[in-house]
Amino acid sequence: MAKITINGKELTVADGTNLVDAAEEHGIDIPHYCYHPGLSIAGQCRMCYVEQEGNPKLQVACNMKCSDGLKVTTDSARVKDAVKWSLEFHLVNHPIDCPICDQAGECGLQDYYMKHGQYQSEMHEDKVHKEKVVDLGDNVVLDKERCILCSRCVRFTAEVSKTNEFGIFNRGDRSVIGTVDDKPLTGNYTVNTVDICPVGALTSKDFRFEQRVWFLDSAESVCNGCSKGCNVFIHHKKGRHIYRLKPRFNETVNSYWMCDKGRYTYKDSNYDRRLTHAKLLGVDLPHDEAISMWAADLNVFTSTERMDEIGVYLTPNQTNEELSALLELFVNKFKITKFFAEDVEGLVKADSAVDNFLLRSDPYPNSKGFLETLKKFGVKLGSLSDMAQSIEKQRLMHLIFVVPEGQRQITQLTGVAEAIRPDHFVVVLTPNRFAQELFASSLSIPTLSHFEKTGTVVNHGGLAQKISSNFKMFKEAFSIESVMKQLADAQSSGRKKERTGS
Ligand code: SF4
Ligand code: SF4
Ligand code: FES
């Protein structure tokens, strides 16, 4: 540990910590644009000036590592003046298009102008205009005029994604950010450049003009796009619509980054892809009625010891807690023995990094937790072709499908769905409206999507991570745990009625 002094206050920080981070840890804000803890030091924006004891010139804090005896001042008149005029320099050619800029509300220029600027501009010359709305491929749009040339995006593509597209071209006030030959951004990590751009120069095509950031709330979760388990923030509006995911720092999992595929998984949680009401044969029915109907049919099988005619389909999209709730009831109470899934063991064995960075080949967030939980309950899995055959031969008559959001299971379950005949009783627990459409004759009950859940998922490295959202998007969609409780209650009250004849 090192003892340092900032603004006359003695602080203890880890030896070698970057001064910008050390100050922030202790609630002292050193303004910065080009510094990013996940990138190399550029010393480019000159916003992080501090006075260092014994040094006659102002120094940039982003290039200072903390060691015993370091003494700096961040709030002297000299520092404040230098920061203020650095800021004006950044704004000299910046277009004031805040009203139509997607970065408004989370823009480094707006924030620092209010905090450290507030000067009367001394510029009389016209601004230099640069190219606006440059299409950089599937995900990103560039506005060259808004760029402050901090070079974060250049360093990201050079050091992190290693795709090397960005560069700063020309000199002086003609300097522009751009990609070589205006080629689009490539690879699986392009939108991270939008996250780290401190101004509105790089914007996400998906999020552009969709929502003002000050209307958004934030919740913490873990991405469900693959077995990596990247930590994310969910940005949603009043729990009714999710607008974007942003990476959440976790040093051991994803650092500051996430992939583009994972970033768009939130779309499966929104209204147009959701089952929002219980349905029988495609027609809405009250939730309680759906549960009672399911419990009554289950009673027919369990009271006549025909549990081997019940088949359950599961996926590693469920959290450990959801799986435990399902298996507690199905295995321990109803004595169901027939469970089916795709070859999860095979996926885990073959799981590897797709591009030597984050994205992995196993598309599930909880394969390891899934196998572990099933083992605890002594569950052996049959394949999907076993399931289809047993349905065809009428060995399975009561079918339960626990289907997550997304397209993977819809494709995977097509063969199984084709084997179903009118005398099968089919229950689908799902947040996914396409699952209900696939099993059109089913009793479908809406459940929470991944980003509304609370529970635990275990990533490819065996790391158990908590997910804990704090919002629910649809009144009639419940967690698997509460659906299991409702089913258990309905089943016992159905039994009681049978016994008393009421
Ligand atoms: S586009 Fe953004 S991240 Fe890239 S140099 Fe310009 S301001 Fe920095
Ligand atoms: S690497 Fe996997 S977990 Fe991480 S963001 Fe991408 S899909 Fe999600
Ligand atoms: S943050 Fe230090 S020079 Fe830019």
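Predicted, not measured: the structure shown is a model, and the values here were computed from it.

**Looking at the domain arrangement of the protein chain**
Splitting the protein chain by domain gives domain 1 (2-91), domain 2 (119-269) and domain 3 (271-500). Its C-alpha centre places domain 1 at a distance of 25 Å from the equivalent point of domain 2. Contacts between the two partners involve 12 residues from domain 1, matched on the other side by 14 residues from domain 2.

**Overview of the nonpolar core**
The biggest cluster of nonpolar side chains holds 59 residues, and the ones touching the most others in it are Trp294, Val312, Tyr313, Leu326, Phe401 and Val402. Filtering out sequence-adjacent residues up to four positions away, Val312 remains in contact with Phe330, Ile336, Lys338, Phe339, Phe340 and Ile400. One finds Ala22, Cys66, Leu136 and Val140 within the second-largest nonpolar core, a separate group that totals 45 residues.

**Overview of the pairing of strand E13 (residues 241-247)**
Two strands pair when backbone bridges link them, and strand E12 (residues 231-237) and E13 are joined in this way by 6 bridges, in the antiparallel orientation. Residue pairing across strands places Ile234 opposite Leu245, the latter belonging to E13. Once E12 ends, the chain turns through 3 residues before running back antiparallel as E13, passing Lys238 with a positive phi of about 50 degrees.

**Let's talk about the environment of Arg421**
Locating Arg421 in the fold gives a position in the loop between helix H13 (414-419) and strand E20 (425-430). For the pair Arg421 and Leu87, spaced 334 residues apart in the sequence, the C-alpha separation amounts to 70 Å.

**What to know about the site of ligand 2**
Ligand 2 sits among 13 residues. The nearest are Cys223, Gly225, Cys230, Cys259 and Gly262. Class assignment for the residues of the shell around ligand 2 results in 7 nonpolar, 4 polar and 2 charged.

**Details of the sheet that holds strand E16 (residues 310-313)**
Pairing is mixed across the open sheet formed by 8 strands, whose spatial order is E15-E14-E21-E20-E19-E16-E17-E18. Strands at the two margins of the open sheet, each flanked by one partner only, are strand E15 (283-284) and strand E18 (381-382). Relative to E20, strand E19 (residues 398-402) runs parallel, the two being bridged by 5 bridges. In the strand pairing of E20, Leu399 is matched with Val426. Across the sheet, helix H7 (residues 287-303) is in contact with strand E14 (279-280), E16, E19, E20 and strand E21 (443-446); its angle to E21 comes to roughly 125 degrees.

**Re unusual backbone geometry**
The phi angle at Val133 is positive, at roughly 50 degrees, despite the residue not being glycine. Mapped onto the elements, Val133 comes out in the loop between helix H3 (108-117) and strand E6 (134-135). Residue Val133 is classed as exposed on the basis of its C-beta count, with 10 C-beta atoms lying within 10 Å.

**A closer look at the site of ligand 1**
Close contacts around ligand 1 come from 13 residues, with Cys147, Cys150, Cys153, Cys197 and Ala201 the closest. A class-by-class count of the residues in the shell around ligand 1 yields 11 nonpolar, 1 polar and 1 charged.

**Description of the packing of helix H8 (residues 320-333) against helix H10 (residues 367-376)**
Here H8 crosses H10 at 25 degrees, and the two axes come no closer than 9 Å. As summarised for this structure, H8 and H10 are arranged roughly parallel, according to the angle between their axes. For the element pair H8 and H10, the recorded crossing hand is right-handed. Between H8 and H10, the contacting residues are Asn320, Leu323, Ser324 and Leu327 on the first element and Gly369, Phe370 and Thr373 on the second. Here the residues of the contact of H8 with H10 are counted per class, giving 3 nonpolar, 4 polar and no charged.

**Focus on the sheet that holds strand E2 (residues 9-13)**
The strand order across the open sheet formed by 5 strands is E2-E1-E5-E3-E4, and the pairing between neighbours is mixed. Of all strands in the sheet, those bounded by a partner on one side alone are E2 and strand E4 (59-60). As paired elements, strand E1 (residues 2-6) and strand E5 (residues 71-73) share 2 bridges and run parallel to each other. The residue bridging Ile6 from the neighbouring strand is Val72, located in E5. Here helix H2 (residues 77-91) sits on the sheet and contacts strand E3 (49-52) and E5; the angle it forms with E3, its principal contact strand, is near 155 degrees.

Parameters and conventions
Residues numbered from 1 in each chain as written. Chains lettered and ligands numbered in written order. Predicted model: local features only at pLDDT ≥ 70, side-chain atom pairs only at ≥ 80, totals over all residues. Domains from an automatic or database assignment. Contact = placed C-beta atoms within 7 Å. Core = buried A, V, L, I, M, F, W, Y, C linked by C-beta atoms within 7 Å. Buried ≥ 20, exposed ≤ 12 C-beta atoms within 10 Å, placed from the backbone. Pairing = 2+ DSSP bridges. Helix = DSSP H or I, 4+ residues; strand = E, 2+ residues; numbered from the N terminus. Near = placed C-beta within 6 Å. Nonpolar A, V, L, I, M, F, W, Y, C, P; charged D, E, K, R; others polar. Axes fitted to C-alpha atoms, helices over the stretch in contact; angles between N-to-C directions. Parallel < 35°, antiparallel > 145°, perpendicular 65-115°, else oblique. Left-handed = near helix turned anticlockwise from the far one by under 90°.

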